[in-house]
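Coordinate analysis (summary)
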Amino acid sequence: ISLSDIVGFLDERSLFLGQWGLKPSRADDGASYEELVESEGRPRLRYWLDRIKSEKILEPAVVYGYFEAVSSGNSIIVTDPANGEQLEFTFPRQGRDRRLCLADFVHPDKDIVAFHVVTMGNRVSEVANELFQANSYRDYVELHGLSVALTEALAEYWHSRIRAELGISGEDSPNILEILKQSYQGERFSFGYPACPDLEHQTLLAQLLQPERIGVTVSEELQLHPEQSTSAIVFHHPEAAYFNAQ
């Protein structure tokens, strides 16, 4: 996977503010956020992208697939094509508002859902740890933060590919900033978040996708390893959107 393709979906604001803490000073003569982006943020980003490429620090990879599914109450039943087994993913339902549940976004008779796992590989964590041990704290924070942001960028990039393959990318905004605000049809959800809090579902996802093929495993604590990896279930329903299940 081309690093340039991934970078095209990088949320710079989230990286600079959230990961790197690039915040303007409250002093009257302090630089504004926009000035900091130009003087510090983007130069450091270019430095790290060049270094990542030249030193082959990242090993980005994806495993994904489409699976037959039907809804039943608060659950979706997904067929494992390897053995025909029916895997049940159960989600909470809102107690108020629209009383939504993720199962509402899957047809009860016949439908499909997509799953994906993306990773930046293990080497980036090794390099970041070496920087930390060498007391290169700024470099450590920047590389670790960038690897987190690039993992999310790869997930966003691959979601766009899934929408294209499903034939629904015509609803995508032409503006990448709007894409990063989920301006498209459908949505992807990661296990552990409010609408799908059950981390046990990671083991079902792993059964379907076999992410060990790209070096990703699920730990006993139901976390993905290497650290900079993320998974998602992807719905194509036009009303699929984030919501709080409480």
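Refer to the structure printed above.
Below, the structure is looked at part by part.

Topologically, Arg 188 is positioned in strand S5 (residues 187-189). Side-chain polar atoms of Arg 188 contact the side chain of Glu 152, separated by 2.5 Å.

Under the counting rule described, the total for this entry stands at 15 aromatic pairs. Ring geometry for Phe 16 and Trp 20: centres 5.7 Å apart, planes at 45°, overall tilted. Like Phe 16, the residue Trp 20 is buried in the burial classification. Aromatic side chains Phe 105 and Phe 243 sit 6.5 Å apart centroid to centroid with 70° between the ring planes, which places their arrangement in the edge-to-face category. In this pair, Phe 105 is assigned in the loop between strand S3 (86-90) and strand S4 (111-119) and Phe 243 in the segment after strand S8 (229-235), connecting sequence segments 138 residues apart. An identical accessibility class is assigned to Phe 105 and Phe 243; each is buried. One aromatic cluster is present, formed by Phe 9, Tyr 64, Tyr 66, Tyr 157 and Trp 158 through successive ring pairs. The ring centre of Tyr 184 lies 3.8 Å from the NZ or CZ of Arg 163, which sits over that ring.

A few words now on the packing of helix H4 (residues 123-133) against helix H5 (residues 137-166). The interhelical angle for the contact between H4 and H5, taken along N-to-C directions, is 160°, at an axis separation of 8 Å. On the basis of the axis angle, H4 is roughly antiparallel to H5. Considering how the two elements wind past one another, H4 and H5 form a crossing that is left-handed. Along the contact surface, H4 presents Val 124, Val 127, Ala 128, Leu 131 and Phe 132, while H5 presents Tyr 137, Asp 139, Tyr 140, Leu 143 and Ser 147. Split into classes, the residues belonging to the contact of H4 with H5 amount to eight nonpolar, one polar and one charged.

Sheet architecture is open: six strands sit in the order S3-S2-S1-S4-S8-S5, paired in antiparallel fashion. The open sheet has two edge strands with one neighbour each: S3 and S5. The mean angle between the axes of side-by-side strands here comes to 35°, regardless of whether they run parallel or antiparallel. Summarising the sheet, S5 and S8 pair through three bridges and their orientation is antiparallel.

Before going further, it helps to examine the pairing of S4. Taken across its nine residues, S4 has eight buried, putting it largely inside the fold. Inspection of the sheet shows strand S1 (residues 61-72) paired to S4 by nine bridges, in the antiparallel sense. For Phe 67, the partnering residue across the bridge sits in S4 and is Val 113. Of the pairings in the sheet, the one linking S4 to S8 comprises six bridges and is antiparallel in character. Its bridge partner lying in S8, Thr 119 is registered against Ser 229.

Definitions and limits used
Every chain's residues receive numbers from 1 upward, in the order its sequence appears when written. In keeping with the model being predicted, local features are shown solely for residues with a pLDDT of at least 70 and side-chain atom pairs are shown and tallied solely at 80 or more, while totals for entire chains, interfaces and linings include all residues. For side-chain calculations, the full set of non-hydrogen atoms in the structure is used, while hydrogens and water are omitted. A run of H or I in DSSP counts as a helix once it spans at least four residues, and a run of E counts as a strand once it spans at least two, with each numbered from the N terminus. For this analysis, a polar contact is any N or O atom pair within 3.5 Å, provided that within protein one partner can donate a hydrogen and the other can accept it, and provided that sequence-adjacent residues contribute only side-chain to side-chain pairs. Stacked, tilted and edge-to-face are the three classes applied to pairs of Phe, Tyr and Trp rings, where Trp contributes its six-membered ring and a pair requires centres within 6.5 Å; stacked means planes under 30 degrees apart, edge-to-face means over 60, and tilted covers the rest. Buried residues are those whose accessible area, probed at 1.4 Å on protein chains only, stays under 20% of the maximum for their type, while exposed residues exceed 50% and partly exposed ones sit between those limits. Criterion for a charge above a ring: Lys NZ or Arg CZ within 6 Å of the ring centre, and within 35 degrees of the ring normal. The axes are straight lines fitted to the C-alpha atoms, using for helices just the contacting stretch, and the angles between their N-to-C directions are given from 0 to 180°. The cut-offs work like this: below 35 degrees is roughly parallel, past 145 is roughly antiparallel, 65 to 115 is roughly perpendicular, and the gaps in between are oblique. Left-handed describes a crossing whose near helix is turned anticlockwise from the far helix by less than a right angle; the clockwise case is right-handed. Here, two residues are considered to be in contact whenever any of their heavy atoms come within 4.5 Å of each other. Each residue gets one of three labels, nonpolar for Ala, Val, Leu, Ile, Met, Phe, Trp, Tyr, Cys and Pro, charged for Asp, Glu, Lys and Arg, and polar for the others, Gly among them. In this scheme, strands are said to pair when DSSP sees at least two bridges between them.

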